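# Breakdown of the fold
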Amino acid sequence: MSRTNRAALALGLALLAVLPAGGAAPKDSLLEYARKQQGRYAYGVYVKKVKVGWSVDDTKLGKHDGKDVLITTEESFFSILRDGDKTVKKEKKVTCYALDGEGEIVFMERQSWEQKKKTLRQAVRKGKGMVMTTKQGARAAERTIPLPKHSLAESRRFEVWLHDAKKGATFVRWGTDWDGDDVDVKETYTFQAKKSAHWGGVQVPTYAMMAATQGANVSIQLLQSGVPFSFETGGLLSVQLEKEELAKKLDGKPVDLMTASSIFIKRDLGRRADRVEKLTLEVTGLDDFKLPPSHRQRQRGGKGKIAIVELDRDFRVPKGSALTRAETTENTKATPRSQSDHEAIRKKAREIVGKEKDPLKKAVLLQKWVYRKVRKTYVENADNALAVLDSLAGDCTEHTLLFVALASAAGVPAREVGGLAYVKAKGKPQFGWHAWAEVHDGSQWVSIDPTWDQTYVDATHVKFSEGPDDQAWINVAGKLKIEVLKAETK
């Protein structure tokens, strides 16, 4: 169970990367604006107020292919525990912006190391788009992407808006997801108030706002110079501007993210969650979040109050319905994360399902293969299905990612889902963040957990999201409390 760790950290640093770093005047030329962006800023990254890493952003004028550009270099380091296993991740990203036109991105290179495994991504301007190359181990992949909407001119417009914004005013801008199917990610900023914060031994004025992206809400403070000061999301992750020496100081005991993000409960449901047929939960901290409704999951109440959540083991519905052609295409298409069109994945899917024609029986064969073949570990992380196929190791995220790609390659509509699931770890009953899948068998969506070898998952699986771009669950990840009101087991 590690969903929260990756998603929250990725979201936080992605937003930090596109926020402006210096002041702007409405009549500044792009070059004048770029000069004001120069600077070096360091940030401490915290989970539940305990430091887990740092990020340093350095921006300066330079050259790329003989032309003047603005170069931003972002370096980050994280050291965490995941159920006792230490994970160290380092990353360095260089982005070059043109100083003419809209100040568009002309080059990007990102190098990341996790457990000493390196991934290299490069995006190079070509015509009206960019060519993205990804190298992981012995594999290399190339794809053409649109020119990102994020630019220096957009950042300048954002800063001009910021200095005159009133409470409730909004500004739409674009982030860049280099790993996503769609490179452009919409971000909506809502101005809240002018505030102040303690920095450098004095109180300094700040701007407070909310940023909404892919359903997730992030509380942000900027210094009046435009430099990001802090942000926080979901009661779990926070990032704080600090002196570089302090930001890089990680001398405390590493945080175990499994413990930090889990929700401990009083009632022991035993070590066999797969025996739980029905479950009724009292949940606080959902705020206005609504769980995705389904035939096996119902929510009553909420909106800042106590919500009652009723769950059943998944089952056959009396009357199903087929997917439309568009829905089938959407849930079988290849993406940069789920390369269902790659011959290696297609070949493996064919080997596993053989001559089987029934969609659900195909899915069960694939689920059991992934369960048996993928080694269970928290320190073998991968961000795409091909990498999982190479390593055959990982946690629930890797199991689900590979299963969805194999199912899609076999012609079975499949999607990643995520939420909470019950476990008893180190003698303590708890709900932890988990990932599993759903397949459509021609009549209904059927839940499948390839990590735990379940088809028709047990009643402790509480779904919060559908698909990798549904990030609204992050808003409540660190705020939830759960009490078990009723449980029925086999």
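This write-up is about the structure you can find in this document. (Residues numbered from 1 in each chain as written. Predicted model: local features only at pLDDT ≥ 70, side-chain atom pairs only at ≥ 80, totals over all residues. Heavy atoms only, no water.)

### Some words on the overall build of the chain
- The helix and strand inventory of the chain stands at 10 helices and 26 strands.
- Taken against the 2.2 N^0.38 rule, which gives 23 Å for 490 residues, the C-alpha radius of gyration of the chain at 23 Å falls within 12% of a compact globule.
- A principal-axis box enclosing the C-alpha atoms of the chain has dimensions of 70 × 50 × 45 Å.
- Looking at the chain alone, contacts between residues at least 24 apart form 59% of all its contacts between residues at least 6 apart.
- Of the accessible surface of the chain, which amounts to about 22000 Å², a share of 51% is contributed by carbon and sulfur atoms. (Helix = DSSP H or I, 4+ residues; strand = E, 2+ residues; numbered from the N terminus. Rg over C-alpha atoms; globule rule 2.2 N^0.38 Å. Contact = heavy atoms within 4.5 Å. Areas by Shrake-Rupley, 256 points an atom, 1.4 Å probe, with all protein chains shown as cover.)

### Overview of the nonpolar core
- Ranked by size, the top nonpolar core spans 61 residues in total, and within it Leu 279, Leu 281, Leu 420, Phe 431, Phe 464 and Leu 480 carry the most contacts.
- If near-sequence neighbours (up to four positions away) are discounted, Leu 281 is found in contact with Ala 307, Ile 308, Val 309, Leu 311, Phe 431, Val 462, Ile 482, Glu 483, Val 484 and Leu 485.
- If you look at the next biggest cluster of nonpolar residues, it comprises 32 residues, including Ala 363, Leu 401, Leu 402 and Val 412. (Core = buried A, V, L, I, M, F, W, Y, C linked by side-chain atoms within 4.5 Å. Buried < 20%, exposed > 50% of the residue type's maximum accessible area, 1.4 Å probe, protein only.)

### Re the sheet that holds strand S16 (residues 276-284)
- Strand order in this open sheet of 4 strands is S17-S18-S16-S26, and the pairing throughout is antiparallel. Where the open sheet ends on each side, the last strands, each with one partner, are strand S17 (297-301) and strand S26 (481-489). Between one strand axis and the next, the sheet turns by 15° as a mean value, whatever way the strands run.
- Taken together, the 5 bridges between S17 and strand S18 (residues 307-312) define a ladder with antiparallel strand orientation. Note on S18: the bridge partner recorded for Gly 301 is Ala 307. (Pairing = 2+ DSSP bridges. Axes fitted to C-alpha atoms, helices over the stretch in contact; angles between N-to-C directions.)

### Let's talk about helix H8 (residues 359-373)
- Helix length check: H8, at 15 residues, gives a terminal C-alpha distance of 21 Å against a target of 21 Å (1.5 Å per residue), a fit within 8%.
- If you check which residues of H8 are buried, you get Leu 360, Lys 362, Ala 363, Leu 366, Gln 367, Trp 369 and Val 370.
- One side-chain oxygen at the N-terminal end of H8 lies 3.2 Å from the backbone nitrogen of Leu 360; it belongs to Asp 358. (Expected span 1.5 Å × (residues − 1). Polar contact = N/O pair within 3.5 Å; in protein donor to acceptor, adjacent residues only side chain to side chain.)

### Let's talk about the environment of Pro 146
- Along the chain, the position of Pro 146 falls in strand S8 (residues 139-146).
- In this structure the C-alpha to C-alpha distance between Pro 146 and Val 484, which are 338 residues apart in sequence, comes to 48 Å.
- In this view, Pro 146 contacts Gly 129 and Val 183; residues no more than four positions away in its chain are not counted.

### Quick word on the side chain of Thr 400
- Structurally, Thr 400 is set in helix H10 (residues 396-409).
- On the basis of relative accessible area, Thr 400 is assigned to the buried category, the value being 1%.
- Polar contacts involving the side chain of Thr 400 include one to the main-chain carbonyl oxygen of Ala 435, which spans 3.2 Å.
- The contacts of Thr 400, once residues within four sequence positions are left out, are Glu 416, Ala 435, Trp 436, Ala 437 and Pro 450.

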